[in-house]
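# Coordinate analysis (summary)
One-letter residues, chain by chain:
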Amino acid sequence: MRLLAAAGHDLRTPITRMRLRAEFVEDDEERSLWLSDLDELERIADSAILLVREESGKAAPETVWLDRLVADVAGELKDQNLDVTVTEAQPVSVRANRLRLARALRNLMINAATHGRRARVRVEESEGAKAQVIIEDEGPGIPPELLGQVFEPFFRVDPGRRQNIAGAGLGLTIAREIVQRAGGDIKISNRKDGGLKQVVELAKVEELAAVKSAAE
């Protein structure tokens, strides 16, 4: 983790130097290609540093109303012209760091709205005192033989398309790290009728305890 963080930090200086040099490339198309590659390198460096922070962070958990948090994140992404819709939101609370959980949910919704064209989100209570956020999309899904790799750092289903959608390939890795630190897990599977299904599962906080915490 220290090596990854150091590499992320150290990459920033040469990237800045290369960006300055790229600005002097006379051919417009060639300059645009250089700048696009440098943008991707910068995203990778920033994401690597963020991953290390999530791995080593110890932010205190709090009681979070999951339905409200999902609505806030979805509204924020809709404002960014992403097709994200909350179709159902049962009131349920969990214990997690609010800012980090929002980051995880944001990563998953962006994944569905970009790679899967649109995200349909619902918040439900499941058996065993669990709360679930279910995010479904209408994209091509993931080949079954690759599903076990989706949480690996820098994983991409089709590396040849990496320039089409911005990202460093760490969104799912970071999301799972955040959710697991909150005592939950993320499961990803292909839908029978096409698209991908991402399920975030967390322990539910009993309603009385949640109300008491909110009042405090």
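Cut-offs applied
- Residues numbered from 1 in each chain as written.
- Predicted model: local features only at pLDDT ≥ 70, side-chain atom pairs only at ≥ 80, totals over all residues.
- Heavy atoms only, no water.
- Salt bridge = Lys/Arg side-chain N within 4 Å of Asp/Glu carboxyl O.
- Helix = DSSP H or I, 4+ residues; strand = E, 2+ residues; numbered from the N terminus.
- Pairing = 2+ DSSP bridges.
- Axes fitted to C-alpha atoms, helices over the stretch in contact; angles between N-to-C directions.
- Parallel < 35°, antiparallel > 145°, perpendicular 65-115°, else oblique.
- Left-handed = near helix turned anticlockwise from the far one by under 90°.
- Contact = heavy atoms within 4.5 Å.
- Nonpolar A, V, L, I, M, F, W, Y, C, P; charged D, E, K, R; others polar.
- Buried < 20%, exposed > 50% of the residue type's maximum accessible area, 1.4 Å probe, protein only.
- Patch = residues over 30% accessible without salt bridge, like charges linked within 9 Å, V, L, I, M, F, W, Y side chains within 5 Å.
- Areas by Shrake-Rupley, 256 points an atom, 1.4 Å probe, with all protein chains shown as cover.
- Lys, Arg positive; Asp, Glu negative; His and termini not counted.
- Charge placed at Lys NZ, Arg CZ, Asp CG, Glu CD.

Turning next to the pattern of salt bridges. Taken as a whole and judged by the stated rule, the model has 14 salt bridges. Taking the shortest distance from any N to any O, the salt bridge between Arg-181 and Glu-177 comes out at 3.0 Å. Taken together, the residues span about one helical turn, with Arg-181 and Glu-177 both in helix H5 (residues 171–181) at a distance of 4 residues. Each of Arg-122, Glu-124, Glu-136, Arg-191 and Asp-193 takes part in a single network of salt bridges with overlapping partners.

Here 2 bridges tie strand E3 (residues 93–96) to strand E7 (residues 196–205), and the two strands are oriented antiparallel to one another. Directly across from Val-94, in E7, lies its bridge partner Lys-204. Note: strand E5 (residues 130–137) against E7, 7 bridges, orientation antiparallel. Residue Gln-132 lies in a different strand from E7, and its bridge partner there is Glu-201.

Following both chains from N to C, one finds helix H3 (residues 66–79) and helix H4 (residues 98–115) inclined at 55 degrees, their axes separated by 10 Å at the closest point. Judged on the interaxial angle alone, H4 and H3 are oblique. Crossing hand, H3 versus H4: right-handed. The residues of H4 that touch H3, namely those facing Leu-66, Leu-69, Val-70, Asp-72, Val-73, Ala-74, Glu-76 and Leu-77, are Arg-98, Leu-101, Ala-102, Leu-105, Arg-106, Met-109 and Ile-110. Tallied by class, the residues present in the contact of H3 with H4 amount to 11 nonpolar, no polar and 4 charged.

This next bit is on the pairing of E5. Summarising burial for E5: 7 of the 8 residues are buried, a large majority. Here strand E4 (residues 119–126) pairs with E5 via 8 bridges, running antiparallel. Considered in E5, the bridge of Ser-126 is made with Lys-130. Here E4 folds back onto E5, and the loop between the two strands holds 3 residues, one of which, Gly-128, carries a positive phi near 80 degrees.

This next bit is on a negative patch on the surface. Among the surface-exposed residues, Glu-26, Asp-27, Glu-29 and Glu-30 lie close enough to one another that they form a single negatively charged patch. By relative accessible area, Glu-30 is classed as partly exposed at 36%.

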